[in-house]
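Given next are the chains, with one letter for each unit.
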There are 2 protein chains.
Amino acid sequence: METLADTLQELLAAQHWDELKTFLSQKNPIDLAGVLPSLPATECALCFRLLEKPKAVEVFESLEIDDQQTLLAGFRDEQVRDLVEHMSPDDRAYLLDELPARVAKRLLRMLSPSERQATSLLLGYKENTAGRIMTPEYISLKTYLRVSESLHKIRKIGLDKETVYYCYVIDEQRKLLGMISLKDLVLADPEGRIGDLMHREVVAVHTDDDQEVVAHAMKKYDLLAIPVVDREDRLVGIVTHDDVMDILEEEATEDIYRLGAVAAPEQSYFKAKIFTVATHRVGWLLVLLLTNTLTGSIIMDQNTLLQSVVALAAFVPLLIGSGGNIGSQTSTVMVRGLALQEVTFSNAFLMLLREVGIGLILGSLLGAMVVIWAYWLQGDWLVALVVGCSLVVISTIATFFGGLLPLIFVRIGIDPAVVSAPFISTMVDVLGVFTYFQIARLIIFR
Amino acid sequence: METLADTLQELLAAQHWDELKTFLSQKNPIDLAGVLPSLPATECALCFRLLEKPKAVEVFESLEIDDQQTLLAGFRDEQVRDLVEHMSPDDRAYLLDELPARVAKRLLRMLSPSERQATSLLLGYKENTAGRIMTPEYISLKTYLRVSESLHKIRKIGLDKETVYYCYVIDEQRKLLGMISLKDLVLADPEGRIGDLMHREVVAVHTDDDQEVVAHAMKKYDLLAIPVVDREDRLVGIVTHDDVMDILEEEATEDIYRLGAVAAPEQSYFKAKIFTVATHRVGWLLVLLLTNTLTGSIIMDQNTLLQSVVALAAFVPLLIGSGGNIGSQTSTVMVRGLALQEVTFSNAFLMLLREVGIGLILGSLLGAMVVIWAYWLQGDWLVALVVGCSLVVISTIATFFGGLLPLIFVRIGIDPAVVSAPFISTMVDVLGVFTYFQIARLIIFR
C-alpha cells in the first residue's frame, strides 16, 4: 500500500499524465480505492478522470460511503452522472440512502429512466431486507431455449449483469421455475433444452426477508447468488456472493459490540464524533450504574455486621468479580451458540443444565482455593469458610442466569447478545453481595 | 426440516424403497445432511445406499465431522472406499485429520494412487494454512491456447474440478502467469488467445499463509477462488469460496469466545464433555482470581480507614463495576477495530486518545449522578465527593488500559482479543480499589 500511494504522488507531482494513466489501468480497483481517498481532493478527482469508465465505476463502488459522498461533492455534474449511472443498482441504492434527501433527489433525476426505475424499486424496500440489497440485473432464461441459444443470450447481455454464473429460469408471469449454472451450460450438450437441464429445487428468499436470513441461506447452501421473489413468487432480483461476506461480518461486529455493552453504531466508531460515541455508550452504563446502586444499599444495610467483622468487606470484590467472570463465560457461549444455531429450543434446557453443572464444578474448584487464601490473609477460619461457600453458590447462580437470560431474551424476541459481560457482571454484583451476607449471617452468627 | 424427517421415516417404515429413492434424489444434499444423522444407524446407512453416488458424496461432505466418523464405522468397506475416494481432497484431508491415526492410515491405503497423492500433499501442510485448506483440483490453461480450445478443455475435464469459474494460466514450470474467468471465456471471441485475454495482476497466497489471510484476501477482492503458490511461485492449488465463509465465521467465534474469557474450543462447546469444558474455562478464571486477591489485600490494608468510615465499603462494588463496564466497552471496540483493520498503527495513538477522552466524559457524567445518590444513601458530603471523584479517575484509567492493552498485545504478537471483559474488569478492580482509597485519604483525612 505504501509504495502504491508513493508512486501515485510521484507521478502526480511530475505531471506525467500518460504514465499515470497506464499505471492506474494496471492496478487492482480495490487497491486503488484504498489509496485514492487519502489524496488531496483535486488530485483524487484527476485520477478518476484518467481511469477508464468501467474501472472508475468499480473503484468508486469499492470506496467507503463517506469517501463516496466527499468525492461526489467535488466532481462536476457530468462526471457524477457518469459514475452513478453505471454503478450497480444495489450499491447505488446504498449510496442514495446515505446522502441528504435533497442531493439524492437531484442525483436520481440525473439517471436514465431505466436506471432510475431500477434504483427506485430497491429504495421501495425496507433497509436490511433482501429487496434492498438485491440487484435487478440478472440473466433469465426460458424453458424452451436450447443450451446454445442460452449461451448466445449470455454473450449478448452478460457484460451488463452482476453475475452470469447462475441463470434463472422463469415463465411468462416471471414466476421462478428453476436455475441453471454457467458451469452446467458449458458442460451440457448444446442441443439440450433448458427445461430438461435446470434444477427445479431452487433455494430462494422473499423481498422482505432480513439480510441475515439471506446470508445464512447462501452460506448454508454454498451459493454464489440467491434469487429474490415477491409475494406472488415472481423473480424480482438476485443477491450476489460479494454482499454476503460483508453482511456476515456486519452481524458478527454487531454481536461483539452488544456483548461488550456497546450500542451498535450507524457508522464506523472510529469515524464518529467523540460525543456521539459517548452517548452511544452511556445508555447501558446508566442502567448498570443504577442496578449497581442496589449493591451499595445491600452493603449499607449490613452496616452492623460489617462493623463487627470488617474482614468481610475485603472479599466482596473478589467474590463478585469471579462470579461476573464465570457468568460472562456462560452468556458468551450461549449467545454464540444461539447465533450459530447450535443451541435450539429443543436442547436449550439441557444446555442450561450443563452450564449450571459447569458452574458448580468451577465454583467448587475456585472455592477450595479461596478458603485457604482467605484464612492466610486474615486468620479467621469462619470468615474463610463463608468466602469459600459463597463462591460456590455465586458461581452456580452466575451460570444459571448467564445461561437462562439469553434464552428468555430470544424467546421474547430481543437479541440475546444484550446479555453482555457488563450486564451479567452487574447482575451478579447485586445477587452476589446479597448471597454473601446471608451466608455470613448463617455461618458466623448462628 | 420437521416434515423432511417425518416423510423419510414414513417411507422407511413402509419399506417403499423406490419411492424413497425418488424422494431422496429430489432433495437438496445439504438438507439431507441435516436430517440423516438423526436416523437410526442402519436406516441412515440404507438411505446412503439408495442415493446416487455423486449425491451421496455431496451429502457426506456436508455432514459434521463426528457424524462422518460414526457413519464410516457402520459402513462396509466398499461403501467407505466409494465415499472417501470421491470426496474433494480438502474435505477428505480434514476428515482424515480428525480420525484416529490407525483408521486414517487404513482409509488412505484404500484410495487410488492419484487420490492418495492429492491427500498426502495437503496433509503435509500445517493445520489452518492455505496449503491445508486448498484443493489441488483446478483448471489450468496455457497462454498459447485459443478461447475455443480452452472451453473444449473445460468441457472435457470440468466435471471433476471443484470450480470451473476461475481458470489459472501457468507456464511449463507451473509458474502462475495469470487468470481468466469462465465469464471472460464465454464472452470472448472464440479465436482469441488466452495469453492476450488473461488478467496478469493475480492476487495469490502462499501455502503457509494462515487461513485468516486467505479469507481476508478473498473477501477484500470479492473472489470466488484464490490460487495458492509455493515458495517458487508455482501453482499448487486453489481455495474456493465455500471455505471462506466458514473460516470467517470460525474466526469471529474465536474472537467472541476470547472476549468472553473462554478458551477457543477444538470442537463445538455443546458437544464436548462437561469436564473438558470446565478445564477450558478454569485457566482464565484462576488467573483472574489470583489477580483479584490483590483487591482483597488492598482493602485489608485499609482496615483502620474502613473501621472509621464503614460507609466507604458500600461503594466499592459500584465503583469497580462501572469502571469494569467502561473498560470492557473500550477494549471491545478496540479489539474489533483491530480485527477489521479500522485501527492500525498509524492511527492507534489518536484512537487511544479518543477513548481516554470518552472515558473522561462518561466518568464526569456518571460521577455527577453518583455524588447525589451517595449523599442520599449515607448523608455524608465528603464520602459522596470521594465516590464521585473516584468514578471520574477510575473511568479514565479503565478506558486508558482498555484501549492500550489490545494495542500492546498486537504489537508483541498476542491475539488482542485476550483483553476480554473479565480481564479488563479484574484489572480495574485492583486499580480502582487502590485509587478509591487514595482519594478517600486525600479528601477525608487531609
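Conventions adopted
Residues numbered from 1 in each chain as written. Chains lettered and ligands numbered in written order. Predicted model: local features only at pLDDT ≥ 70, side-chain atom pairs only at ≥ 80, totals over all residues. Heavy atoms only, no water. Helix = DSSP H or I, 4+ residues; strand = E, 2+ residues; numbered from the N terminus. Rg over C-alpha atoms; globule rule 2.2 N^0.38 Å. Buried < 20%, exposed > 50% of the residue type's maximum accessible area, 1.4 Å probe, protein only. Areas by Shrake-Rupley, 256 points an atom, 1.4 Å probe, with all protein chains shown as cover. Lys, Arg positive; Asp, Glu negative; His and termini not counted. Charge placed at Lys NZ, Arg CZ, Asp CG, Glu CD. Axes fitted to C-alpha atoms, helices over the stretch in contact; angles between N-to-C directions. Left-handed = near helix turned anticlockwise from the far one by under 90°. Contact = heavy atoms within 4.5 Å. Pairing = 2+ DSSP bridges. Phe/Tyr/Trp six-rings, centres within 6.5 Å; stacked < 30°, edge-to-face > 60°. Lys NZ or Arg CZ within 6 Å of the ring centre and 35° of its normal. Least-squares fit on C-alpha atoms with pLDDT ≥ 70 in both. pLDDT = per-residue confidence, 0-100. Salt bridge = Lys/Arg side-chain N within 4 Å of Asp/Glu carboxyl O. Core = buried A, V, L, I, M, F, W, Y, C linked by side-chain atoms within 4.5 Å. Buried area = accessible area lost by both parts, 1.4 Å probe. Polar contact = N/O pair within 3.5 Å; in protein donor to acceptor, adjacent residues only side chain to side chain. Nonpolar A, V, L, I, M, F, W, Y, C, P; charged D, E, K, R; others polar. UniProt positions renumbered as here; feature names shortened; annotations may be inferred.

**Overview of the overall build of chain A**
Counting secondary structure elements, chain A contains 23 helices and six strands. A compact globule built from 446 residues should have a C-alpha radius of gyration of about 22 Å, whereas chain A, at 30 Å, is more than 25% larger. For the C-alpha atoms alone, the extent of chain A along its principal axes is close to 90 × 60 × 40 Å. Taking all 446 residues of chain A together, 55% fall into the buried category. When the accessible area of chain A is evaluated, it comes to approximately 19600 Å², of which 56% is carbon and sulfur surface. Within chain A, the 57 negative side-chain charges are centred at a point lying 5 Å from the centre of the 39 positive side-chain charges.

**So, the packing of helix H15 (residues 211–220) of chain B against helix H16 (residues 241–259) of chain B**
Residue and element names in this part refer to chain B. Contact geometry for H15 and H16: axes closest at 9 Å, N-to-C directions at 115°. Viewed along their axes, H15 and H16 form a crossing whose handedness is left-handed. Residues Gln211, Glu212, Ala215, His216, Met218 and Lys219 of H15 touch H16, and the partners they reach there are His241, Val244, Ile247, Leu248, Glu250 and Glu251.

**As for the sheet that holds strand E5 (residues 225–229) of chain B**
Residues and elements named next belong to chain B. Across the sheet, which stays open at both edges, the three strands sit in the order E4-E5-E6 with mixed pairing between neighbours. Here the strands that pair on one side only, and so sit at the sheet edges, are strand E4 (205–206) and strand E6 (235–240). Inspection of the sheet shows E5 paired to E6 by five bridges, in the antiparallel sense. Paired with alanine 225 across the two strands is threonine 240, which belongs to E6. Packing against the sheet, H15 makes contact with E4, E5 and E6, and its axis sits at approximately 135° to E5.

**Remarks on the packing of aromatic side chains**
Residues and elements named next belong to chain A. If you walk through the whole model with that rule in mind, you get 15 aromatic pairs over all chains. Geometrically, the ring pair formed by phenylalanine 400 and phenylalanine 401 is edge-to-face, given 5.2 Å between the ring centres and 75° between the ring planes. For phenylalanine 401, a relative accessible area of 24% puts it in the partly exposed group. A network of ring pairs unites the aromatic residues Phe48, Phe60 and Phe75 as a single cluster. Sitting over the face of the ring of phenylalanine 345, arginine 411 holds its NZ or CZ atom 4.7 Å from the ring centroid.

**What about the relation of the copies chain B and chain A?**
Once chain B has been moved 0.0 Å along the axis and rotated by 180°, it coincides with chain A to within an RMSD of 0.2 Å. Both copies of the chain, as the preceding transformation shows, are related through a two-fold rotation axis. Most of the interface of chain B is mirrored in chain A, where 100% of its interface residues are also at the interface.

**A word on the confidence of the model for chain A**
When pLDDT drops low, the exact placement of atoms in the prediction is not to be read closely. Mean pLDDT over chain A: 86, with 98% of residues reaching 70 or higher. Within chain A, the element-level pLDDT minimum falls on helix H18 (residues 303–308) of chain A, averaging 77, and the maximum on strand E2 (residues 166–170) of chain A, averaging 95.

**Some details on the pattern of salt bridges**
A pair can form between side chains of opposite charge whenever their charged atoms are brought close. Here the structure, examined in full by the defined rule, presents 25 salt bridges over all chains. Of the charged contacts in the structure, one is a salt bridge between lysine 27 of chain A and glutamate 201 of chain B, with a shortest N-O distance of 3.8 Å. Pair noted here: lysine 27 of chain A is in the loop between helix H2 (17–26) and helix H3 (29–35) and glutamate 201 of chain B is in the loop between helix H14 (194–197) and E4, and the two residues belong to different chains. Close ionic contact of arginine 92 of chain B with glutamate 115 of chain B constitutes a salt bridge, the shortest N to O distance being 2.6 Å.

**Focus on the nonpolar core**
Core analysis: the biggest nonpolar cluster contains 94 residues, and Tyr165 and Leu182 of chain A together with Tyr165 and Leu182 of chain B have the highest contact counts within it. Each residue touching tyrosine 165 of chain A, except ones within four places of it in the same chain, is listed here: Ile180, Ser181, Leu182 and Leu224 of chain A together with Tyr165, Tyr166, Ser181, Leu182, Lys183 and Leu224 of chain B. The next biggest cluster of nonpolar side chains, apart from the first, holds 91 residues, and it includes Ala314 and Ile439 of chain A together with Trp373 and Ala384 of chain B.

**Digging into the interface of chain B and chain A**
Facing 110 residues of chain B, the contacting portion of chain A comprises 110 residues. Around 9900 Å² of area is buried between chain B and chain A when both sides are counted, 71% of it from carbon and sulfur atoms. Joining chain B to chain A, the criterion identifies eight salt bridges. Between aspartate 31 of chain A and lysine 220 of chain B there is a salt bridge whose closest N-O contact spans 3.7 Å. If you look at where chain B meets chain A, you find 10 residue pairs in polar contact (both at pLDDT 80 or more). When residues of the side of chain B that touches chain A are assigned to their parent elements, the largest contribution, 18 residues, is made by helix H17 (residues 274–301) of chain B. Taken together, the residues of the side of chain B that touches chain A break down into 66 nonpolar, 26 polar and 18 charged.

**Some details on unusual backbone geometry**
Residue and element names in this part refer to chain B. Unlike most non-glycine residues, aspartate 222 shows phi in positive territory, near 50°. By the secondary structure assignment, aspartate 222 is in the loop between H15 and E5. Exposure remark for aspartate 222: the relative accessible area of 30% places this residue in the partly exposed category.

**Description of the UniProt feature "transmembrane region" (unreviewed entry) in chain A**
Residue and element names in this part refer to chain A. Taking the numbering used here, the UniProt-annotated feature "transmembrane region" (unreviewed entry) corresponds to residues 282–299, 305–326, 356–376, 382–410 and 417–439. Summarising residues 356–376: 100% helix, 0% strand, and an end-to-end C-alpha distance of 30 Å. For residues 417–439, helix accounts for 83% and strand for 0%, while the C-alpha atoms at its two ends are 32 Å apart.

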